[in-house]
Amino acid sequence: MTSKPRRPDGQLRFGMMWMNSPTPNITSKEMADRNPDVLSVDTHTELARIAENTGVDFVFFADGYTHHGPGNARVGHGEPCVSAPIYAPIVMAATRHIGVVTTMHTRYLPPAVIARLGANLDVLSGGRWGWNVVPGSKGSEADLLGIDVVEHDARYAMAAEAVEAVKALWAARGEPVEFEGEYYRFRGTPRGPYPLQEPWPLLFNAGVSPAGQEFISQSCDYAFFAVVDDLAKVREPVENLSALTESKGRSPLEVNMAGSIGVVIGDTHQQAQDKYAWIRDSIDMEAARGWAKGFLGGSQTYQDTYGGGDFDEAARKIGMAAGSSVLVGTPEEVAEQFVHIHRETGLRGFMILNLMWAPEEVARLGAVFPHLEKAGVWTPPAQRGWSW
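On a predicted model such as this, the values are computed, not experimentally measured, just so you know. (Residues numbered from 1 in each chain as written. Predicted model: local features only at pLDDT ≥ 70, side-chain atom pairs only at ≥ 80, totals over all residues. Heavy atoms only, no water.)

Asker: What is the right way to look at helix α9 (residues 232-247) in this model?
Answerer: The periodicity of an α-helix, 3.6 residues per turn, causes residues three or four places apart in sequence to face the same way. Helix length check: α9, at 16 residues, gives a terminal C-alpha distance of 23 Å against a target of 22 Å (1.5 Å per residue), a fit within 8%. What α9 keeps buried is the set Val234, Pro237, Val238, Leu241 and Thr245. Down the axis of α9, the buried side of the element spans an arc of 100 degrees, and every buried residue falls inside it. Exposed residues on α9 whose side chains face more than 90 degrees from its buried face are Glu246 and Ser247. In the core, the buried residues of α9 are packed alongside α8 (210-219), β8 (222-226), β9 (256-265) and α14 (331-345). Following α9 by one or two positions, Gly249 adopts a phi angle in the positive range, close to 85 degrees. (Helix = DSSP H or I, 4+ residues; strand = E, 2+ residues; numbered from the N terminus. Expected span 1.5 Å × (residues − 1). Buried < 20%, exposed > 50% of the residue type's maximum accessible area, 1.4 Å probe, protein only. Arc of directions from axis to C-beta. Contact = heavy atoms within 4.5 Å.)

Written out as structure tokens, the structure is:
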């Protein structure tokens, strides 16, 4: 196994939001019942091999500590949810080149714990691990963990210092380390192993607020956020992050932005449209309304995008792919839509949200990439050294 190099070349990169619950991306009991068993090692092994063979660059384990509410738990949306650092090694063992990103919360875990878990995951994967840095904390998670909720911008300040502390622990390489910050203080000699990737593993964050983008431009390698139908609302954060990254003395190509987006693929245009209509009709609206209330109550981005209109229509959009756009069509038609979004917004990365997790459905994505290669916007991972 080979450590994945950094190669900011302007070509598109694709991730896949991993199946961490019976139906992670849509509030549908019918979909949960059709999807494979999320608690099965065989499920993750088979899907991991398919994902690597399709041509995606990484898979992404979202994670959290509380479910989305009783309606969502009833339909299998986010419940049960597998622990990212526990299940990620299954994917690592089943693959050789694909990146594996896991979520760990800086508000919930001390830097020494994150550093040790992360180093072991990077070594275990042969240098293919990425860390999704989540500042935390949701009110429900703070209640469950018995900690105080910290104001939004302060959470990002704490996260930035936590990342600095984790990097210091990784850099220790068996030598004593002492850290004295505003939020974290420690000293000692951490034990190995240490990460294989240089200078450290890849860092992700989902921040779109000013504090989040400041953090990403300074400390991270990937941002991700929802692609919406209004492409002007996609172009703006892409351009803002690019300018902010350059102001930090970094090349804008050093920080990629992966837009989360749903995909429904059919052998024919009509088959894809029929499949999409069936999926949309399967949404459990009670669960969708509960999920939408959480999004609209806690995210200014979602308020700006979906607030003020018909609530049920917003809930239906959020209940399918968390409000992200959904590309529908044949492999060639889906590829054309990816190219259009890329050229209209400057977005250089996508995070695929599979609405259907049957192995044959996930494998359909592989037919999209040859069309992207023909369009000159994508190069097969093997030809670019499996690079991030």
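Continuing now.
Asker: It is not clear to me how the pairing of strand β3 (residues 99-105) should be interpreted in this structure. Could you clarify?
Answerer: Look at any regular strand and the pattern is simple: side chains alternate between the two faces of the sheet. Across the 7 residues that make up β3, a large majority, 7, are buried. Of the two faces of β3, both are covered, the one formed by Gly99, Val101, Thr103 and His105 as well as the one formed by Val100, Thr102 and Met104. Here strand β2 (residues 58-61) runs beside β3; their pairing, made up of 4 bridges, is parallel. Each bridged residue has a counterpart across the sheet, and for Phe60 the counterpart in β3 is Val101. With 6 bridges joining them, β3 and strand β4 (residues 129-134) adopt parallel strand pairing. (Pairing = 2+ DSSP bridges.)

Asker: Hey, could you run me through a nonpolar patch on the surface in this one?
Answerer: On the surface, a cluster of nonpolar side chains totalling about 280 Å² of accessible area is made up of Tyr65, Leu144 and Leu145. Among the secondary structure elements, Leu144 is positioned in helix α6 (residues 139-145). Judged by relative accessible area, Leu144 falls into the exposed class, the value being 55%. (Patch = residues over 30% accessible without salt bridge, like charges linked within 9 Å, V, L, I, M, F, W, Y side chains within 5 Å. Areas by Shrake-Rupley, 256 points an atom, 1.4 Å probe, with all protein chains shown as cover. Salt bridge = Lys/Arg side-chain N within 4 Å of Asp/Glu carboxyl O.)

Asker: I'm lost on the packing of aromatic side chains in this one. Help?
Answerer: What characterises a pair of aromatic rings is the spacing of the ring centres plus the angle enclosed by the ring planes. For the structure shown, the criterion picks out 19 aromatic pairs. Summarising the aromatic geometry, the rings of Phe14 and Phe338 are spaced 5.1 Å apart at their centres and angled 80 degrees between planes, so their arrangement reads as edge-to-face. With Phe14 in strand β1 (residues 13-17) and Phe338 in helix α14, this residue pair connects regions lying 324 residues apart in the sequence. Judged by relative accessible area, which is 0%, Phe14 ranks as buried. Using a relative accessible area of 1% as the deciding quantity, one classes Phe338 as buried. Ring geometry for Phe14 versus Phe350: centroids 5.6 Å apart, planes at 20 degrees, classification stacked. Of this pair, Phe14 sits in strand β1 while Phe350 sits in strand β11 (residues 349-354), and the two are 336 residues apart along the sequence. For Phe350, a relative accessible area of 0% puts it in the buried group. Pairwise contacts between aromatic rings join Phe58, Phe60, Phe204, Tyr222, Phe224 and Trp388 into one cluster. If you follow Lys4 out to its NZ or CZ, it ends over the ring of Trp388, 5.1 Å from the centre. (Phe/Tyr/Trp six-rings, centres within 6.5 Å; stacked < 30°, edge-to-face > 60°. Lys NZ or Arg CZ within 6 Å of the ring centre and 35° of its normal.)

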